[in-house]
Amino acid sequence: MTTAKNPIKTLSILHLALLAGPLLAATIFYLNTDVQMNGSLGDDIFIYVFPIIALGGVFASTFLFKIMLGNLKKTENLQKKLAGYQTASLIKWALLEGPALLNIVWFATTGNLLFLTIGGVLLLFLFMQRPTKLKMENELELKGQQKREFDKLG
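Just so you know, these numbers come straight off a predicted model, no measurement behind them. (Residues numbered from 1 in each chain as written. Predicted model: local features only at pLDDT ≥ 70, side-chain atom pairs only at ≥ 80, totals over all residues. Heavy atoms only, no water.)

**Observations concerning the overall build of the protein**
- Across its full length, the protein holds 6 helices and 0 strands.
- Listing the helices and strands of the protein from first to last along the sequence gives α-α-α-α-α-α.
- By its C-alpha atoms, the protein is 60 × 25 × 25 Å across when sized along the principal axes.
- The buried share of the protein, taken over its 154 residues, is 36%.
- For the protein, the share of sequence-separated contacts (at least 6 apart) that also reach a separation of at least 24 residues comes to 77%.
- Looking at the protein as shown, the accessible area adds up to about 8,900 Å², and 67% of this sits on carbon and sulfur atoms.
- If the 15 positive side-chain charges of the protein are averaged to one point and the 10 negative ones to another, these points end up 14 Å apart. (Helix = DSSP H or I, 4+ residues; strand = E, 2+ residues; numbered from the N terminus. Buried < 20%, exposed > 50% of the residue type's maximum accessible area, 1.4 Å probe, protein only. Contact = heavy atoms within 4.5 Å. Areas by Shrake-Rupley, 256 points an atom, 1.4 Å probe, with all protein chains shown as cover. Lys, Arg positive; Asp, Glu negative; His and termini not counted. Charge placed at Lys NZ, Arg CZ, Asp CG, Glu CD.)

Take a look at the structure:
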């Protein structure tokens, strides 16, 4: 996998695209769904399952990202490092976007605001994962020649 001339810009666009879909869906569903404000949990098993899936997505995304990043730090080639970072980031973001979208769609089905709230919190966490130059430098532990090459890219 090759990276673009400006890896930060490329990652930022991908990040925004992954964030925009569920955010748009949440907005549309919220405007078109009868929201239930009652506090009863009812017999819906998904009241327990979907929050667990959301937590699993957060932990899995963080865990896998750290593992993939650990392998990348040993790489001497900057292009391979950046390509691996892009892959690790996409996997991390997808593991956050999936449970968010699942909760948002289930909100549209049930009207229960709990699911929209969970989806919203996941989207907020996903937003906080946006790529920056400083974050990439720190996470990849770029030093010396690699840092100078990276600075030239973007």
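More follows now that the structure is in view.
**Overview of the environment of Phe 29**
- Here Phe 29 shows up in helix H1 (residues 7-32).
- On the basis of relative accessible area, Phe 29 is assigned to the partly exposed category, the value being 27%.
- Between the C-alpha atoms of Phe 29 and Thr 75, which are 46 residues apart in sequence, the distance is 44 Å.
- Apart from residues lying up to four places away in sequence, Phe 29 is in contact with Ile 104, Val 105, Phe 107 and Ala 108.

**Remarks on the packing of aromatic side chains**
- Considering all chains together, one arrives at 6 aromatic pairs under this definition.
- Between Tyr 30 and Phe 107, the aromatic rings sit 6.4 Å apart at their centres with planes inclined by 20°, giving stacked as the arrangement. Here Phe 107 lies in helix H3 (residues 78-110) and Tyr 30 lies in helix H1, a separation of 77 residues in the sequence.
- On the basis of relative accessibility, which here comes to 0%, the residue Phe 107 falls in the buried class. (Phe/Tyr/Trp six-rings, centres within 6.5 Å; stacked < 30°, edge-to-face > 60°.)

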